[in-house]
Amino acid sequence: MAGTPNAPLLLIAWGCCLRLARIQLKHSLTRQTVRLRVADLESLLELARDWMPRYGTKVKTVQLTWWTDDDLRDLHRIRATPERQQAASAAESFIGLGSPWTSGWRETFDLLDALVAKILQACSNFLHIKLIEQTLIPVIVCAETNERNEISVRSGITSRRTRCALQVAGSRISAADLSFERFVLAAEKYLDVLDMVPNVVHLSLRISHDPFSRMPHFFPRLFQPQKLASLELSDAGISTLTALSAQPCSTLTQLVLSGMPSLQLAELADFLKVHPVTTLCLRDIFLSDIQHPFSAPETLKLKLQNLSVTVETDGALLDLFDAAPLKKVEFCARRGGNTSDRIPPQRITAFIKKHRASLLSFKLDGVLFDATEVSAINRSLEQEGVSVRVVAIE
């Protein structure tokens, strides 16, 4: 990244703004979180000038949301209005960029970049960064004409000041949430983000498309250096786990999967076999209709101790964990989902009996099993001399 002050990554991070009234700003900061978003120069100035000097050191989490398409359309409309020019002049005076304010695109971007950098510098103790991508437009298409009546069509978005502020903060950041819709174009930016936060221990990724076939080098770099303790993957494609299994991480102990459209249990088994995961959470997972066979549970040697599942499935999911040293298990219903494909009570009972030596707690959603069924399960466990009891949760 050296020598590339305008690296694409920071197209996300520089021009951000908080859409909150004064009282909301204070409330947000008392929760140790500040949310920055493009498009409201007035609020961004207020935050940088009036609030950060007093509350910046209390901020633990910074959320940076990249431009939305609506933001960019509004920028075309309002950037030359008297109100925007007045706010921009005040911001320029506060920041001190050294030149009188004009309503040009580059001046607008430079000013926003400087304001966001000022805010990040004031947040001298934040440990958690959230980056949310809404659009990937790297340039603004302009309809301005020069002296020879020629149309000037492109103006690049820069982020030099914000990039420097993030680099300064990067070594202390221990948690990062990255969310993006158009993976292949965005991934390089986020790899640059990860390079800037080398000590991240908790990483959350929201990926709307399956990128591995087009960008196989992305996932191996997630585990370099190997410091991750927890990983959350949302809306990831079917090849994601396979890609991550090829680069085992010896420090990864927590895994959260949510929104996966067609999960293969064999791929999950391969991932758990090569990673020391002790806590697994599956949220709104859809199992593939056709499942490939996986190794016998006793050969996987899983280290899993805590399992939380929100999924419509049959007993095949339990088969995977039959030999795991489980201590705490929780099964929840997907709200509004179909419970007709639930795991039958008899399979739950058999599963608990298999884990009688290690299991300490087993919770079931009351939507999945009524009180009569829960009582029947517990009677069977008592008759078998199993100490753990099923607890129904609301």
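Report follows, based on the coordinates. (Residues numbered from 1 in each chain as written. Predicted model: local features only at pLDDT ≥ 70, side-chain atom pairs only at ≥ 80, totals over all residues. Heavy atoms only, no water.)

Right, let's talk about the pairing of strand β9 (residues 254–258) for a bit. Burial of β9 is extensive: 4 of the 5 residues sit out of reach of the surface. The pairing of strand β8 (residues 230–234) with β9 spans 5 bridges and is classified as parallel. Counterpart to Leu-231 in the pairing with β9 is Leu-255. In this sheet, strand β10 (residues 279–285) lies alongside β9 in parallel orientation, the contact comprising 5 bridges. Looking across to β10, one finds that Leu-255 is bridged to Leu-280. Regarding the hand of the β-α-β motif, the stretch spanning β9, helix α10 (residues 265–274) and β10 is right-handed. (Buried < 20%, exposed > 50% of the residue type's maximum accessible area, 1.4 Å probe, protein only. Helix = DSSP H or I, 4+ residues; strand = E, 2+ residues; numbered from the N terminus. Pairing = 2+ DSSP bridges. Right-handed = clockwise from strand over helix to strand, strands pointing away.)

Of the residues making up helix α13 (residues 345–354), those classed as buried are Pro-345, Arg-347, Ile-348, Thr-349, Phe-351 and Ile-352. On its buried side, α13 packs onto α12 (316–320), β12 (328–332), β13 (361–365), α14 (371–383) and β14 (390–393). (Contact = heavy atoms within 4.5 Å.)

Let us look at the nonpolar core. The biggest cluster of nonpolar side chains holds 95 residues, and the ones touching the most others in it are Leu-203, Leu-268, Phe-321 and Phe-362. For this core, the leading source of residues is helix α2 (residues 41–55), giving 8 residues. For Leu-268, the residues in contact, after removing those within four places along its chain, are Leu-241, Leu-255, Leu-257, Leu-263, Leu-280, Leu-282, Leu-320 and Phe-321. (Core = buried A, V, L, I, M, F, W, Y, C linked by side-chain atoms within 4.5 Å.)

Right, let's talk about the packing of aromatic side chains for a bit. All chains considered together, the criterion is met by 2 aromatic pairs. Centroid distance Trp-51 to Tyr-55: 5.5 Å. Interplanar angle 25°. Geometry classified as stacked. On the criterion of helical spacing, the pair formed by Trp-51 and Tyr-55 is a turn pair, its members being 4 residues apart in helix α2. Exposure remark for Trp-51: the relative accessible area of 4% places this residue in the buried category. (Phe/Tyr/Trp six-rings, centres within 6.5 Å; stacked < 30°, edge-to-face > 60°.)

Any two side chains of opposite charge can pair, given that their charged atoms come close. Overall, the coordinates contain 7 salt bridges when judged by the stated rule. Between Arg-161 and Asp-113 there is a salt bridge, with the nearest N and O atoms lying 4.0 Å from each other. Taken together, the residues span a long stretch of sequence, with Arg-161 in helix α6 (residues 160–170) and Asp-113 in helix α5 (residues 105–122) at a distance of 48 residues. Take Asp-113: its relative accessible area is 1%, and that puts it in the buried class. As a salt-bridge pair, Asp-322 and Lys-354 come within 2.9 Å of each other at their nearest N and O atoms. (Salt bridge = Lys/Arg side-chain N within 4 Å of Asp/Glu carboxyl O.)

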